[in-house]
Every structure is written in structure tokens, then in C-alpha cells.
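# Fold and geometry: a report
This is what each chain is made of:
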Amino acid sequence: MHAITAGPSEAGARPTFAKRAFYVLKAWLQAPMDVATLCPSSPYLTRKLANRDCVKNARCVIELGPGAGGTTQALLEYMRPDAKLLAVEKSTVFSEPLHAIHDPRLEVAMDDACALAEIAAKHEFGLVDAVVSGIPFSSMPSAVAKTIAQSIHQVLRPGGVFVAYQIRDHVNEFARPLFGPAETEAIPMNFPPLTLYTWTKVCVAQQDAADRRGQNEIVHDQWHKSQRVAEVQGLSHP
Ligand SMILES: C[S@@+](CC[C@H](N)C(=O)[O-])C[C@H]1O[C@@H](n2cnc3c(N)ncnc32)[C@H](O)[C@@H]1O
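Residues numbered from 1 in each chain as written. Predicted model: local features only at pLDDT ≥ 70, side-chain atom pairs only at ≥ 80, totals over all residues. Heavy atoms only, no water.

## Focus: the overall build of the protein chain
Secondary structure summary: the protein chain contains 10 helices and seven strands in total. Counting across all 238 residues of the protein chain, residues that qualify as buried make up 43%. Long-range contacts, defined here as pairs at least 24 residues apart, represent 70% of the contacts in the protein chain between residues at least 6 apart. Of the roughly 12,600 Å² that the protein chain leaves accessible, carbon and sulfur atoms contribute 57%. (Helix = DSSP H or I, 4+ residues; strand = E, 2+ residues; numbered from the N terminus. Buried < 20%, exposed > 50% of the residue type's maximum accessible area, 1.4 Å probe, protein only. Contact = heavy atoms within 4.5 Å. Areas by Shrake-Rupley, 256 points an atom, 1.4 Å probe, with all protein chains shown as cover.)

Here it is as C-alpha cells:
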């Protein structure tokens, strides 16, 4: 499928990096564990997040932790003109810069990603094509991280993609049991350097096929074991 992108002009004027850094510092002083960085994402990272098929072809995307909106603007630049983006941000410090992004495709929810399923339903987002997240899974309580990971899995359509950019790899602990192994990519050109994780939600048909393959392997293994036992018994009791 060819992506029809809106282009930078339709995504609105981008606030300067310095201005976004000011908001990040202000939010960090209020809630350092939630913000987890003193620096907004680099243009290199925002492009890496947005310039990918799961964003360019999507009809519905949810962004968790948009902060001052640098990542949000990049997503909008690459998204289709008929797509929509729901940005969910917990810190009220970021309300001003997020609401300053004038793009009809964007809806902003100043809310906690813990209630993601309810937030998505309230905004009539249903099942989405992609969730892009910068919220720091490493600095939140395990129960909260688990709830958010489960909600992300719940709001994604089968075949939908979960993208997370993280300084540490705790996200893997919560996402892997739901999505399986991640594709990872190191992002050195960001401060701090981090890792990009990508998971795809398995379709039910694929899961059934994998389960059947697994069951066939078990039956096959059991047959081999019983053959070996029969051979051994045959040797010891001629
Ligand atoms: C590392 S910053 C990313 C900011 C921005 N996307 C960027 O790349 O510059 C993490 C963001 O996640 C937000 N956040 C943390 N926990 C959250 C939660 N439970 N729900 C929604 N947002 C959250 C923080 O307030 C912060 O804006």
C-alpha cells in the first residue's frame, strides 16, 4: 500500500527545540520519574519513529507521552491526511504546547495512560493501527507498567504495531509476554542514547497456526520418545 502523507506544512509550525526543552525541564522538576529525561527527543529519533510503514499507512495512531509535542509533530508529518492521532499526556505542563499544534487530525487527552482503553473509547478510537510510546516503563511501579502494556495490547488491532523508545529495557519485561520478542534498534543520535523497540500484535489466525505447530511438535516429540522407550525395552527384554 502506498502511503499518502500530509507533509510538514500541514502538520503546523514546529516549536523550537529550546522551547520544547524549557517545557521538558519544567515538567521534570515536577515529576522526574514520569519525564525521565531533561532533553526532548532529537530530530533523528523523531524521524525514526515517524518514518515507518506502520505510521505512514495508519488510519488511527495513539501516542503515549508526547511531552512538548516534538514526536507528535513528526508523526503528523508522516501520517496520511485522513488519519487521526490521539496523544495521551499525563503532565499538565505539556498542555499548552500540545494544544498549540493546530492539526485537525490530532486529539489531545491530558490523562494517564493507565486508563488507555477508556481514553481510546471516549475518543472513539476503537482498535488502532499503531501505538507509539515514550513513557518510561523503567521508572514506574511494575503493576502500573503491566497494566499499561496490557492496555496497549488491548487497543491494538491484530497486526497492529507497538513502538517504544526507551533508555532502559524494562519495557521488554512487560511487552514480551503479550507480543513475543521485539525488534530492536539502537538510537545513538539522541541524548540520552536509547533503544527503539517494535512489536507486532499477532493475528488470531497466526497464533492458531503457531499453536497448532507447537502441538504437532509435542506430538512428534512424544512419538519419538515412545519409539526410543520401545527400542530400549526391546533390547533389554529380547
Ligand atoms: C521521555 S518523555 C518523552 C517526551 C516526548 N515524546 C519527547 O520525545 O520529547 C516521557 C513522557 O511521558 C509522559 N508520561 C509518563 N508517564 C505517563 C503516563 N502514565 N501517562 C501519560 N503520559 C506519561 C511524561 O509526562 C513525558 O511527557
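## Description of the site of the ligand
As a structural note, the neighbourhood of the ligand is formed by 21 residues, with S41, G65, E89, A113 and Y165 the closest of them. T71 is positioned such that a nitrogen or oxygen atom in its side chain is 2.9 Å from a nitrogen atom of the ligand. Within the contact set of the ligand, an oxygen atom lies 2.6 Å away from a side-chain nitrogen or oxygen of E89. The cavity that encloses the ligand is the largest pocket. Broken down by secondary-structure element, the contributors of at least two residues to the shell around the ligand are α2 (32-35) and β2 (84-89). (Near = heavy atom within 4 Å. Polar contact = N/O pair within 3.5 Å; in protein donor to acceptor, adjacent residues only side chain to side chain. 1 Å grid on protein atoms, 1.4 Å probe; cavity = no way out; pocket = protein on both sides within 12 Å on 5 of 7 lines; lining within 4 Å. Sits in = over half its atoms within 2 Å of the grid points.)

## Some details on the confidence of the model for the protein chain
Across the protein chain, pLDDT averages 89, with 81% of residues at or above 70. Confidence drops under pLDDT 50 across residues 1-10; counting only partners more than four residues distant or on other chains, this segment forms 24 contacts. (pLDDT = per-residue confidence, 0-100.)

## Describing the packing of aromatic side chains
For the structure shown, the criterion picks out five aromatic pairs. Summarising the aromatic geometry, the rings of F162 and W199 are spaced 5.2 Å apart at their centres and angled 20° between planes, so their arrangement reads as stacked. Of the two residues, F162 is situated in strand β5 (residues 156-166) and W199 in strand β7 (residues 194-200); the sequence distance between them amounts to 37 residues. Of the residues examined, F162 reaches a relative accessible area of 0% and is grouped as buried. (Phe/Tyr/Trp six-rings, centres within 6.5 Å; stacked < 30°, edge-to-face > 60°.)

## Brief notes about the side chain of T71
By the secondary structure assignment, T71 is in helix α5 (residues 70-78). With residues up to four places along the chain from it excluded, the contact list for T71 reads S41, T46, L49, E63, P66 and Y165.

## Structural notes on the layout of surface pockets
Roughly 730 Å³ of internal volume is contained in the largest pocket. Taken together, 44 residues make up the lining of the largest pocket; nearest its centre are D34, V35, G134, I135 and P136. At the level of elements, α1 (17-30), α2, α5, β2, α8 (142-155) and β5 are the ones that each hand at least two residues to the lining of the largest pocket. Among the elements that make up the lining of the largest pocket, the one with the highest residue count is α2 (three residues). Here the residues of the lining of the largest pocket are counted per class, giving 23 nonpolar, 14 polar and seven charged. (Points joined across faces, edges and corners; volume = space filled by probe spheres on them. Nonpolar A, V, L, I, M, F, W, Y, C, P; charged D, E, K, R; others polar.)

## Details of the packing of α8 against helix α9 (residues 170-179)
Where α8 meets α9, the closest approach of the two axes is 9 Å, and the angle between their N-to-C directions is 35°. Relative to α9, the crossing made by α8 is right-handed. Mapping the contact onto sequence places S142, A145, K146, A149, Q150, I152 and H153 in α8 and F174, L178 and F179 in α9. For the contact of α8 with α9, the class distribution of residues is six nonpolar, three polar and one charged. (Axes fitted to C-alpha atoms, helices over the stretch in contact; angles between N-to-C directions. Left-handed = near helix turned anticlockwise from the far one by under 90°.)

## Some words on the pattern of salt bridges
Tallied over the full model, the rule gives seven salt bridges. Note that K48 is salt-bridged to E185, the shortest N-O span being 2.7 Å. Of this pair, K48 sits in helix α3 (residues 43-50) while E185 is found in strand β6 (residues 183-187), placing the two residues 137 residues apart along the sequence. By relative accessible area, E185 is classed as partly exposed at 29%. (Salt bridge = Lys/Arg side-chain N within 4 Å of Asp/Glu carboxyl O.)

## Some details on unusual backbone geometry
The peptide bond linking F191 to P192 adopts the cis configuration, its omega dihedral lying at -5°. The topology assignment puts P192 in the loop between β6 and β7. Phi at A36 takes a positive value of approximately 65°, unusual for a residue other than glycine. With respect to the helices and strands, the residue A36 is situated in the loop between α2 and α3. Here E124, not a glycine, exhibits a phi torsion of approximately 55°, which is positive. The topology assignment puts E124 in the loop between α7 (116-122) and β4 (128-133). Residue classification places E124 among the exposed positions, given a relative accessible area of 66%.

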